[in-house]
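# Understanding the architecture of this molecule
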Amino acid sequence: MAVRDTAAAADSPGLGRHEESILLFEKVHYRHDPRWLLPVTPRLCLACLVELLPEPGVSLVRKKHVLSCFRDALLRHSSLVMQLVAEDQSVSVHFINMLFGLLCQAEDGSAKDLCIEVLIQLITQLNLEQTTDCLLGECHRELCDMPSMRHSLAILTLLGKLVDALPALADRLVLEHGNLMDYLLRGLAYPNEGVQASICYLYGKLYAAPVAAKKLSGHFQEKLCSSFLSTLVAAQTKELQINCLGLLRQLLKYDLFVTVIMNKSAVLENAEIVEGPQRETSLPLVLKKLLLSRDETLQVASVHCITAVLVHSPAKHAPAFIHADIPEFLFEYLYSSSEVLVWSIYSCLILLAEEPLFFSKCHTVYGIESMVRSLQGSLKVNNLELHKQGLLLFAEILTRQPEKIKLFTSSAMCRDAGCALREAVSSPVLEVAAEALKAISAFLRKDHQSSPPVQYRVLRALIEAMLSRCADVSQTPMNRRPLGHTSSRGSEKAILQRGEFLLGTLEGFRNACRLAVEFQSEPSAQENPFTAPSAEKEDTLEAFSEFLLSACDSLCVPMVMRHSEQTTHPALMEVFLSTLHSLFTIVPHMREKFSKKLAASSFIRLTLELKARFCSGLSHAALNQVCSSFLYSMCLNLLSTPEKTRPPSQEELTAVTKLLQLGLPQINSRGPESLAFLSGCQYVKGTGRERQYCILLLFYVAYVHDDRFVSEAELLVAVQSFLLSLQNQGEHPPPVVFRASIYLIAVCLDKGSTLDTTLLSAVRHFLEDFTDLHLIYTHHLPLLRFFLLYPEMMSRFGHRVLEMWFSWEEIHHEELDDVSCVQEPPLPASLAALFLIIRSSPSILLMLLDLIYSAPVDIARKVLIVLRTFLKRNEDVHVGGFIRGHFLLILQHLLVEYKLPMSKASRNLSLLLSLLSLVQLKSESELELDSMAMKLLHQVSKLCGKCGPTDVDILQPSFNFLYWSLHHTTPVSRQRAAAVILSSSALMELLEKLLALTWAQADSPKTGTALLSSAWLLTASLSTQQHSSSLQVHQTLSVELDQVLKALSFPQKQAALLSATIARFLRTTLQQGFSSALVTLVPSGTQPLRAPEDTVLAPLGTSQVLALLVGLQSLLVQKDPLLSQSCVGCLEALLDYLHTRSPDVALHVASQPWNRFLLFTLLDAGENSFLRPEVLRLMTLFVRFQSSTILSQEEVGHVLQAAALADMSTLSSTTVQALHAFFLQVQHTGLLVDPSTAQTLQTSLEGLLPQASWAPPPPQDMLCLGGVAVSLSHIRD
């Protein structure tokens, strides 16, 4: 009873809800062996299942449930179930026949699907040939006996899925059941898309098997092709469309079927009599129709089919799709959000781009905007394959686009493309960035960038991103792995990847450089025409070109150099050197500087090593050509615009060009091998000699820029052999080659090598053939040393070489007039070396003196500066007489040669005089003037007499020399010097004119205050010497006294030095009581009648004296040391003069109230200001004239107390003497009444006596202030 209940429950709607329910067929189960009952869930009796399914009385629902449970058992417990079913082959065959019968009888679609699923599972798990043959046979018979094609759907579906599950069945089905193909062909014509879909599915599985496809090839060509295309065109349901496309995908795997289908399509397209609907069976048009559907699956499938056709032969099949305008729609669908569809379109368009018709039909022009927008969008999703495929397509389009068909019709689209590529190359994924590099290289083409305005900023940003990404890749540390072969292979792979990425970057950068070169001939590409005139010119070709140069210098070169330390790839170096070569053209004004930097960075050595390593024989001809071109341009740039050397003539450049062009391709050796070639060939002709010339030029350029890659000793031997070979063969080297040779010899000698006398003779022999040494001169210190250290070279060529050296040497030490400067600036290395050469050979000084006179002014100025510095810093070198003798000869020659005014004489004469003046000022002790010195003094005086007031350059150093002769020599020499000077009447006339110009400086701006100051000092000195020695006067000087008094009484904005010199002149005149035989003081015009009291003061008047007093007080307030000393001396002479003529007037002048104000103004200058010599002298003067109203007894006492507290050891001898004179004057006048104060005074006097003996000596007496020689003792005493 329980069994029936279970069976009944199984027939109820709720059957199977509980997994523990037992599924039995109660009527027959009692006779079944228990082993057929599955011991696991679902509890199903297989014997009951076999008897229940064919039973007509059992409901379809119950059958489906039981069958579903059996399917679950097959899935869950396949081994247990198959063990029972496969025990007896007859049972399994019966079981399959029973299920197949149920399939054929069932009307319900879900029941059929369930039967098919169970049958497939049984067949695949049994995997028995007999059961499979049985099922195939049943299917074949059923299809043949079936009256209507409509009922064959289930069997066709079963066959399709069975072949899908067991692909090997395809071959058996075709070979053993071949007539079934005719049935399937008829089924395609049956008007039921379900049947057609199942047939297409079965066909697809059959053609997926290579053997079956080959067997069915004739069937397809003769029968199936047209029917299938018609079915595909007419398909309405998605199932049929998908199955048709699936079959098409399988067919398109075979070239034969592709050819048949495309030929069939071509016939239909070209047939004019074919009706429109039938013409649409052309495959391109069919796929175009599916592509236009809104179903993404169909779109992807159609694109895949197009791609499958093109894979076989793009050139053969692409035109059909292009004529069908399929590319246009492919570009349109790039806007899709489906990544699968976009990737598929990318792949399809890549194949279409191999056909030139794709571009000539302007499909790329139409679709470039879609392409750029799609690329921008795809880069925002996380799909690396999509990124790479899109960039690959973009690179193909950019590369293959014809130059005559402009791809980017607007600069905005070009800008967007550049931005997309910039984003792509910045991708952290190396493969994506590598694909972006290819696209960038193709993007940097002139026809792609020629839409005005050119987006230089976008291009710059793009290149910066590319270089930055490459820098990141090159700096990424390699993975740290354990030692071994795996680590080595990983490291090599990483280096290889970096090299490939660097190569791609360099190719892109080279294309950018090529773009800049091509734009140089395009006026419209020079700058953005829409930029405002006042805006910064950043978006210009010039700015872009300079950026390229800077980027190459700062990024490309370091990256390549770092990579070359690990490995060297010829292709990479070829692109790199080609890029460097193009940069010479891109920025012409920088090519010289860039070439110098490359040469200084050892690029000559690098290029020669590349040629030697890779270009021997005929290998790597392209690299050899690039290396030779690069070396040619760099060397020509450096040789045509040499640093500090006269540029070669056009003829020389032509010769150099020819040498480099012929010789560089033949040089494939490193430095040592090249040296061996230079020195090993005793007899050389033709191309061998040209190669030697070229090698020498390379060594020359490299050594000039400190790239010394061979030893100096070996190089000297090689050059010596080369020059001796030339001499032996009677050849004369070109100037540029000999310049290189002699420079290399000088450099090698500078490094300690020795020069063979044979070589020295050969060098001199070659030098004598050159009339112009500029042709072989290189501005370098070793070359100068070479010419000056060898006597035979110096005597013959030293003068000219020195002139050339000074013409190119930069001398900045011009501020050397102030010889009192304590701290000397450091010398440049070149000058320090030159000074050593001069010390080793003093005869060089003669050459330098000749240069001062004979060379151009700018060179002479440099020589003078160098001599000044040399004499100043080499105190032990005594050259006074040496220079005076040489200068005397020059001066005599000048006076004989020039009969015209001195303004027409050599401009370098002033430099010679400056040097002479410097030598005289350099001497510290008083000298005795010998006969040569007297002759020189006579010539200088005579020279001055030939000058006019405007010849300042000659007169100023001459007056300094004359003034020095009157003050820095022995008393006897001063007297003789004054007599010589006074004998020159022309000089006296000149002095008179100059003194008169003091009052009219506005009318004579060419005469400076320095020369006027020297004239006043020289006049005062001559007047003193003439008056003291009663020398003969040949020409008197007339000076307007009123103007002199006015200049001091009413001082205006004139130089302090000029006021000091006028005051010194007036002091001399006052000391002489206006009785000088040399100087005559004359009135300025009609003078008013003098008052009786003024007669005694003549030629002065009381008002003039008081005005002069006020003027001197005003000058003293300026607190200029030199001016103060001169004014105090003038005031002393004035009071002495007045005291001689009228003591009352002198006392009146000394007692003026303003004198007290002046004194306290000076004392208020700071602590111990009374210890200044001029202040002490002024107080002494007031004490001497007993001006108690100016300086009282109490104030003198305060001075004494302050002096007692002062540190006397720090005072100069001049100050001590002034202080001693003040104390003596105070003691002499008896001003101090207080005994204690008087005792203090006596003690101070006694203390000053030894102090004066060891007080610091005064500074150098003769100074050069503002170019004027001034004797401090002359101003002070």
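Whatever comes next refers back to the structure up there.
Before going into details, it helps to say that this report is about the structure given with it. Bear in mind the structure is a predicted one, so any value in this text is a computation, not a measurement.

About the cut-offs
Residues numbered from 1 in each chain as written. Predicted model: local features only at pLDDT ≥ 70, side-chain atom pairs only at ≥ 80, totals over all residues. Heavy atoms only, no water. Helix = DSSP H or I, 4+ residues; strand = E, 2+ residues; numbered from the N terminus. Buried < 20%, exposed > 50% of the residue type's maximum accessible area, 1.4 Å probe, protein only. Contact = heavy atoms within 4.5 Å. Disulfide = S-S within 2.5 Å. Core = buried A, V, L, I, M, F, W, Y, C linked by side-chain atoms within 4.5 Å. Pairing = 2+ DSSP bridges. Axes fitted to C-alpha atoms, helices over the stretch in contact; angles between N-to-C directions. Parallel < 35°, antiparallel > 145°, perpendicular 65-115°, else oblique. Left-handed = near helix turned anticlockwise from the far one by under 90°. Nonpolar A, V, L, I, M, F, W, Y, C, P; charged D, E, K, R; others polar. Phe/Tyr/Trp six-rings, centres within 6.5 Å; stacked < 30°, edge-to-face > 60°. Lys NZ or Arg CZ within 6 Å of the ring centre and 35° of its normal. Salt bridge = Lys/Arg side-chain N within 4 Å of Asp/Glu carboxyl O.

## Some remarks on the side chain of Ser965
- Within the secondary structure, Ser965 is located in helix H49 (residues 952–967).
- On the basis of relative accessibility, which here comes to 1%, the residue Ser965 falls in the buried class.
- Apart from residues no more than four positions distant in its own chain, Ser965 is found in contact with Leu929, Leu937, Arg974 and Ala977.

## With respect to the state of the cysteines
- Here the structure, examined in full by the defined rule, presents zero disulfides.
- Looking at Cys419, it has no disulfide partner, and the nearest cysteine sulfur is the one in Cys414, 9.7 Å off.
- Judged by relative accessible area, Cys419 falls into the partly exposed class, the value being 26%.
- Residue Cys552 stays outside any disulfide, its sulfur separated by 4.8 Å from that of Cys556, the closest cysteine.
- Accessibility expressed as a relative area gives 1% for Cys552, which makes it buried.

## Re the nonpolar core
- Among the nonpolar cores identified, the biggest contains 439 residues, and Leu548, Leu580, Phe786 and Phe959 are the most heavily contacted of them.
- The element that contributes the greatest number of residues to this core is helix H39 (residues 735–750), accounting for 12 residues.
- With near-sequence residues (within four places) excluded, Leu580 lies in contact with Cys552, Val557, Phe594, Leu598, Phe603 and Phe630.

## Some details on the pairing of strand E5 (residues 1262–1265)
- One ladder, built from four bridges, connects E5 with strand E6 (residues 1268–1271); its direction is antiparallel. Following the sheet pairing, Leu1265 is matched in E6 by Val1268.
- Counted along the chain from E5 to the antiparallel partner E6, the turn is two residues long, and its residue Gly1266 has a positive phi close to 60 degrees.

## Comments concerning the packing of helix H38 (residues 712–728) against helix H40 (residues 757–767)
- It is the contact of H38 with H40, at a shortest axis distance of 10 Å, that shows an interaxial angle of 55 degrees. Classified by the interaxial angle, the pair formed by H38 and H40 is oblique. The element H38 and its partner H40 pack so that their crossing is left-handed. The residues of H40 that touch H38, namely those facing Leu716, Gln720, Leu723, Leu724, Leu726 and Gln727, are Thr758, Leu759, Ala762, Val763, His765 and Phe766.
- Of the residues belonging to the contact of H38 with H40, the class tally is eight nonpolar, four polar and no charged.

## Section: the packing of aromatic side chains
- In total, this model carries 31 aromatic pairs according to the counting rule given.
- Ring centres of Phe738 and Phe770 lie 5.5 Å apart, and the angle between their planes is 20 degrees; on these two criteria the pair is classed as stacked. One end of the pair, Phe738, is in helix H39; the other, Phe770, is in the loop between H40 and helix H41 (781–789), and 32 residues separate them in sequence. Each member of the pair, Phe738 as well as Phe770, is classed as buried.
- The side chain of Arg691 reaches across the aromatic face of Phe677, ending 4.3 Å from its centre.

## As for the packing of helix H6 (residues 109–126) against helix H8 (residues 153–165)
- Packing of H6 against H8 leaves a shortest axis separation of 10 Å and a crossing angle of 30 degrees. The handedness of the crossing between H6 and H8 comes out as right-handed. Across the interface between the two elements, Lys112, Ile116, Leu119, Ile120, Ile123 and Thr124 of H6 pack against Ala154, Thr157, Leu158, Lys161, Leu162 and Ala165 of H8.
- Classifying every residue of the contact of H6 with H8 by side-chain character gives eight nonpolar, two polar and two charged.

## Looking at unusual backbone geometry
- Residue Ala1098 is joined to Pro1099 through a cis peptide bond whose omega torsion reads 10 degrees.
- Relative to the helices and strands, Pro1099 is located in the loop between strand E4 (1079–1082) and helix H55 (1102–1117).
- The phi dihedral of Cys362 is positive, around 65 degrees, even though this residue is not glycine.
- With respect to the element layout, Cys362 can be found in the loop between helix H22 (356–360) and helix H23 (363–378).
- For Asp706, which is not glycine, the phi dihedral falls at a positive 65 degrees.
- Overall, the relative accessible area of 60% leaves Asp706 in the exposed class.

## Observations concerning the pattern of salt bridges
- Considering all chains together, one arrives at 23 salt bridges under this definition.
- Salt-bridge contacts for Glu712 lead to Arg708; the nearest nitrogen and oxygen are separated by 4.0 Å.
- Overall, Arg708 belongs to the partly exposed group, its relative accessible area being 25%.
- Overlapping salt bridges, with partners in common, bring together Arg71, Asp72 and Glu117 in one network.

## Quick notes on the side chain of His219
- Inspection of the secondary structure assignment puts His219 in helix H13 (residues 217–234).
- Other than its neighbours up to four places away in sequence, His219 contacts Met181, Leu185, Tyr203, Tyr207 and Leu224.

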